[in-house]
Amino acid sequence: MRSGLVGSAHVVAGFVDADGIQESVRDLRRAFGDAPVLHTFAAKAASLVPVLRLLARSGMGCEVASPGELAQAVVAGFPPDRIVLDSPAKTRAELAHALALGVSVNADNFAELDRIGELLAAKMSTSVLGLRINPQVGAGAIDAMSTASLSSKFGVPLRDLGARQRILKAFAERPWLTRLHVHVGSQGCSLELIGEGVRAAFELAEEINTVAGRQQVTSLDIGGGLPVNFDDDEIRPTYADYVRQLRAAVPELLSGRYGLVTEFGRSLVAKNGFTAAVVEYTKDTGGRRIALTHAGAHIATRTVFMPEAWPLRIAVYDSDGRPKHAPECVQDVAGPCCFAGDLVARGRTLPELAPGDVVVLLDTGGYYFSTPWSYNSLARPAVHGFTTHGPEIRFATVRREQTLAEILAESGASQADALLFRNADSTAAHARLVQTGA
Ligand SMILES: *Cc1c(COP(=O)(O)O)cnc(C)c1O
């Protein structure tokens, strides 16, 4: 049994550029100049504690959306007043925990506001409390990533009949409500669309404050969603482009009257990571050259299921890690998952792949290897960090590859008998059958 526990021998791994992440944080800071901004990192983009700790030490805050992400943020060392909890389905227990810790909470809907009110009545909290609005400014290029469409599941709609009045009333009745939150979407949303959403939140804040006769809303959480260019190495749009667009859309936003919170994820990490996978076999089928590699839907889930929306660049290296210079040919790059659509690239012109080569999925530092899918019980890949500062490249383990023992444990191995409800009867019956020779 034990000797059968052979791991998958490091045939695929993620890599994180620690210097690159810090450079991206500096770009973000520089773009906002000295406006009062808490920049938080959207944990779901790279939910790895060492990545979160690097960001915490860089002075960032953290946006979380589940008990797991909140626990990761705390362990990573983000102080509670730099953590923002945003999920759309927070339980009463999660809310109580967040309020006790003092992390900021953005309520998704009026019912959640009621729950928060009840909890506050029982116990005071230092948490900054906000309400997420859906400015309903429309969808971007990828529907599944657009949170400000007419009927998106997120936030309180702003343009529905009577909605604005209801929001004004909610603030009037709850003096502890001091923040508005808006996140227009991730990837595929234009800067114009994001700017429109932020303007809607700003105008609503002004109206709430006018009605209140005081500055009740003191901060605006303007979300994340800066799109990433997956076509080449250039960073575009940049954070500077984003801030230019914000200034155009909401000239008073950076005046200092409102504290700001940002929640960028993908734009801080995508280009600071890549996935490397070994080519196991190549073959020709129906006139098609196919490379069978170890990078598939368990790592590049979105790319495999929505290839038009999430194309990835692929670079090819030989088994010594040198760029491969073989003649190019049209190939499918397939993964190890057992379904036909498990392709990370279709009909792609690349240097002819051979067994032992390494394919590199570029720009996968966010939402790829950090968010694996356990299909086929494939191991969560190892993640390595590196720095190129100093005389030589240094590596560190960010996450070990999942072991077979861990896969077994997570698949209920310690409860292997759980479903043998009639175990005693069936064992006895089986023994009778064997005896009678049936
Ligand atoms: C996912 C998410 C973000 C981050 O989006 P990116 O596209 O990764 O920048 C920010 N805020 C909220 C509420 C989110 O759900």
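In this text, all values refer to a predicted model and were calculated from it rather than measured experimentally.

Looking at the overall build of the chain
Helix and strand content of the chain: twelve helices and 18 strands. Taken along its principal axes, the extent of the C-alpha atoms in the chain is 85 × 65 × 45 Å. The burial tally for the chain puts 49% of its 438 residues in the buried class. Restricting to contacts in the chain with at least 6 residues of sequence separation, those with at least 24 account for 67%. With the model as given, the accessible surface of the chain reaches about 20,600 Å², and the carbon-plus-sulfur share is 56%.

Some details on the site of the ligand
Every one of the 15 residues lining the ligand counts as a neighbour, but K44, S186, E263, R266 and Y367 are closest to it. At 2.8 Å, a side-chain N or O of S186 approaches an oxygen atom of the ligand. At 2.8 Å from an oxygen atom of the ligand is found a main-chain nitrogen or oxygen belonging to G225. Surface burial for the ligand is 94%, taken as the share of its 390 Å² of free accessible area covered by protein chains. With respect to the pocket detection grid, the ligand is positioned in the largest pocket.

Examining the packing of helix 4 (residues 92-101) against helix 5 (residues 110-122)
Orientation of helix 4 relative to helix 5, taken along the N-to-C sense of each, is 55°, at an axis distance of 10 Å. Relative to helix 5, helix 4 is oriented oblique. You can see that helix 4 and helix 5 cross each other, and the crossing is right-handed. Where helix 4 approaches helix 5, its residues R92, L95, A96 and L99 are matched on the opposing element by E112, R115, I116, E118, L119 and L120.

Points about the UniProt feature "active site" (unreviewed entry) in the chain
Those residues carrying the UniProt feature "active site" (unreviewed entry) are C338 in this numbering. For C338, the location among the structural elements is in the loop between strand 14 (328-334) and strand 15 (343-351). By relative accessible area, which is 63% here, C338 ends up exposed. Apart from residues no more than four positions distant in its own chain, C338 is found in contact with Y375 and N376.

A short note on the UniProt feature "domain: Orn/DAP/Arg decarboxylase 2 N-terminal" (unreviewed entry) in the chain
Per the UniProt entry, the sites bearing "domain: Orn/DAP/Arg decarboxylase 2 N-terminal" (unreviewed entry) are residues 21-270 in this numbering. Helix and strand shares over residues 21-270 are 41% and 16% respectively, and the end C-alpha atoms of the span are 9 Å apart.

How each quantity is defined
- Residues numbered from 1 in each chain as written.
- Predicted model: local features only at pLDDT ≥ 70, side-chain atom pairs only at ≥ 80, totals over all residues.
- Heavy atoms only, no water.
- Helix = DSSP H or I, 4+ residues; strand = E, 2+ residues; numbered from the N terminus.
- Buried < 20%, exposed > 50% of the residue type's maximum accessible area, 1.4 Å probe, protein only.
- Contact = heavy atoms within 4.5 Å.
- Areas by Shrake-Rupley, 256 points an atom, 1.4 Å probe, with all protein chains shown as cover.
- Near = heavy atom within 4 Å.
- Polar contact = N/O pair within 3.5 Å; in protein donor to acceptor, adjacent residues only side chain to side chain.
- 1 Å grid on protein atoms, 1.4 Å probe; cavity = no way out; pocket = protein on both sides within 12 Å on 5 of 7 lines; lining within 4 Å.
- Sits in = over half its atoms within 2 Å of the grid points.
- Axes fitted to C-alpha atoms, helices over the stretch in contact; angles between N-to-C directions.
- Parallel < 35°, antiparallel > 145°, perpendicular 65-115°, else oblique.
- Left-handed = near helix turned anticlockwise from the far one by under 90°.
- UniProt positions renumbered as here; feature names shortened; annotations may be inferred.

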